[in-house]
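Commentary on secondary and tertiary structure
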Amino acid sequence: MEQHYPFSLPPLPYAYDALTPQLDQRTLHFHHDKHFAAYVDNLNKLLSDQPEYQSWSLEQLCWDWCQLPDDIRQGVRNNAGGVYNHDLYFKIMAPTPASTPSGDLAGAITRDFGDLQALKDAMKAAALGQFGSGWAWLVFDREGRLSVRKTANQDTPLPLCPLLTCDVWEHAYYLQYQNRRAEYFDNWWQLVDWPQLSETYRLRRSTLPRCPND
Ligand SMILES: [Fe+2]
């Protein structure tokens, strides 16, 4: 998200019923319109009387939050991360995704994981292994090497470049799946927009100096 304060809620990139049966309309409504929106609102409130930080990009707020004043530091860490993570989460799903990665990304998955099933297994282990609320990630470094990570709460994997993320906060799945996080993950995996990710990997690899800490 190429934004500065004041941040705005990106619209859901598809209809609320477009991801059924994997994610139902009620889940998407609450997740996007209530939870995601709350992170945007809270981040704007935190920065509303902090003009010196209103020019910071969302990525800078996420990876440089430790430089912020005491009274907003943890709040910005939580809410900027909440905006950044949800922005990616909703964008990497699609109603009718193609089934496999292509191009450079397909080659990188083979090189770094062996095959797509091995990547899924690693992502699922991260998603199920995250104790409490958090995120599972597929990221790449400045050499384009892929790896799977997990983060707690709303922390991001920056400065590694995020490519794919699965929200494992209960608010992402509890209405539909209750405590069945593994079932949620398996169904979410079917929604991954591999054509988009393949293009993102190709483009961002060519602009890696834009990644934080470069
Ligand atoms: Fe969420």
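For the structure, see preceding data.
Reading guide: rules and limits
- Residues numbered from 1 in each chain as written.
- Predicted model: local features only at pLDDT ≥ 70, side-chain atom pairs only at ≥ 80, totals over all residues.
- Heavy atoms only, no water.
- Donors = N, O, S within 2.8 Å, 3.2 Å for Na, K, Ca; no water.
- Tetrahedral: all angles 85-135°; square planar, octahedral: opposite > 155°, others 65-115°.
- Helix = DSSP H or I, 4+ residues; strand = E, 2+ residues; numbered from the N terminus.
- Buried < 20%, exposed > 50% of the residue type's maximum accessible area, 1.4 Å probe, protein only.
- Salt bridge = Lys/Arg side-chain N within 4 Å of Asp/Glu carboxyl O.

Every protein donor of the iron ion is accounted for by His31 (NE2), His86 (NE2), Asp167 (OD) and His171 (NE2), and the metal-donor separations fall at 1.9 to 2.1 Å. Considering all four donor atoms around the iron ion, the spread of angles at the metal, 89 to 129 degrees, places the coordination shape in the tetrahedral class. Read from N- to C-terminus, the donor residues coordinating the iron ion fall into the pattern H-x54-H-x80-D-x3-H. Note that His86 is positioned in helix 3 (residues 70-91) and His171 in the loop between strand 3 (161-167) and helix 6 (174-177), a separation of 85 residues in sequence. A relative accessible area of 0% places His86 in the buried class.

On to the environment of Asp71. If you trace the backbone, Asp71 turns up in helix 3. It is 40 Å that separates the C-alpha atoms of Asp71 and Glu183, two residues lying 112 residues apart in sequence.

Further remarks concern the pattern of salt bridges. According to the stated counting rule, one finds 10 salt bridges in the structure shown. Across the pair Arg73 and Asp70 runs a salt bridge, and its minimum N-O distance is 2.7 Å. Residue Arg73 and its partner Asp70 are located together in helix 3, separated by three residues, close to a single helical turn. For Arg73, a relative accessible area of 26% gives the class partly exposed. Taking relative accessible area as the criterion, Asp70 reaches 63% and is therefore assigned exposed. The partner of Arg145 in a salt bridge is Asp141, and the shortest N-O contact between them spans 2.9 Å. On the accessibility criterion, Arg145 (44% relative accessible area) is partly exposed. According to the relative accessible area criterion, Asp141 is buried, its value standing at 18%. A single network of salt bridges, built from pairs that share partners, joins Lys120, Lys124 and Asp186.

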